[in-house]
Amino acid sequence: MSEASHRAEEAPNWILVHPAYQQMKSLEVEDSAQVHAAFLVYMDLTEVRQWKEVSCVKSPELQVVLLEGREKEGAPIQTVFPLPTHRLLSHQSIRHVLDRGFPMLLCAVASDSTLVYQRMTDGLVTPDPPTGPFQDLGRRQHRKRRKQQ
């Protein structure tokens, strides 16, 4: 057996020994898939998106790990709800997270670790108007009409 394969057998899964994962496990959430999803979202927020002050908190009512953090320094705190795609979501659970008082992002976590974020709001919000310099290029498409026979 080569030395590299021998070392691979001895080394534990790095996720299981990561301090953030250990902290999430200490919250004693029953759904291990949700804890794993929360860890993947945590890594995306901290390592890829460079969020600040990201921490994990337990929601005892929902039995989930929620993440709280700032998108950038000085930005308001946001709550991120990591949700594995196999887990059901109810209006009541969204309402519970929104009632925490922070803006909320729902993050769907697929089995292949794909993450999809969706901003959730309390009520309807009108979208921001499009930005940028727009100009009419004067091109129009002329379509030929078929003659009806």
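Note: the structure precedes this text.
Residues numbered from 1 in each chain as written. Predicted model: local features only at pLDDT ≥ 70, side-chain atom pairs only at ≥ 80, totals over all residues. Heavy atoms only, no water.

Attention now goes to helix H5 (residues 91-98). For H5, the full list of buried residues reads Ser93, Ile94, Val97 and Leu98. Looking straight down H5, one finds that the buried residues subtend no more than 135° of arc, so they occupy a single side. Turned more than 90 degrees off the buried face of H5, the exposed positions are His91 and Gln92. In this fold, the buried residues of H5 make contact with strand S2 (64-70), strand S3 (77-84), strand S4 (104-109) and strand S5 (115-120). (Buried < 20%, exposed > 50% of the residue type's maximum accessible area, 1.4 Å probe, protein only. Helix = DSSP H or I, 4+ residues; strand = E, 2+ residues; numbered from the N terminus. Arc of directions from axis to C-beta. Contact = heavy atoms within 4.5 Å.)

Turning next to the side chain of Asp44. Tracing the chain through its elements places Asp44 in helix H4 (residues 32-48). A residue is classified by how much of its surface remains accessible, and Asp44, at 12% relative accessible area, is buried. In this structure Asp44 touches Arg49, Leu115 and Tyr117, once residues within four positions along its chain are discounted.

Listing the buried residues of helix H3 (residues 19-26) in full gives Ala20, Tyr21 and Met24. The arc that holds every buried residue of H3, seen down its axis, measures 100°, which confines them to one face. Looking one or two places after H3, you find Glu28, whose phi comes out positive at around 60°.

Turning our eyes to something else, we now look at the pairing of S2. Every other side chain in a regular strand lies on the same face of the sheet, so the side chains alternate between the two faces. Of all 7 residues making up S2, 6 are buried, and the element is well covered by its neighbours. Sheet analysis places strand S1 (residues 52-59) next to S2, joined by 6 bridges and oriented antiparallel. Its bridge partner being in S2, Lys58 is matched across the sheet by Val65. Connecting S1 to the next strand, S2, in antiparallel fashion are 4 residues, including Gln63 with a positive phi near 55°. When S2 meets S3, the two strands line up antiparallel, connected through 4 bridges. Looking across to S3, one finds that Glu68 is bridged to Thr79. Where S2 folds back onto S3 in an antiparallel hairpin, the turn is made up of 6 residues, including Gly74, whose phi is positive at roughly 85°. (Pairing = 2+ DSSP bridges.)

Moving on to the environment of Val80. With respect to the helices and strands, Val80 occurs in strand S3. The exposure class assigned to Val80 is buried, which follows from its relative accessible area of 0%. It is 5.0 Å that separates the C-alpha atoms of Val80 and Leu67, two residues lying 13 residues apart in sequence. In contact with Val80, not counting residues within four places along its chain, are Val41, Leu45, Trp51, Leu66, Leu67, Leu105, Cys107 and Tyr117.

These results come straight from atomic positions and should not be treated as a statement about function.
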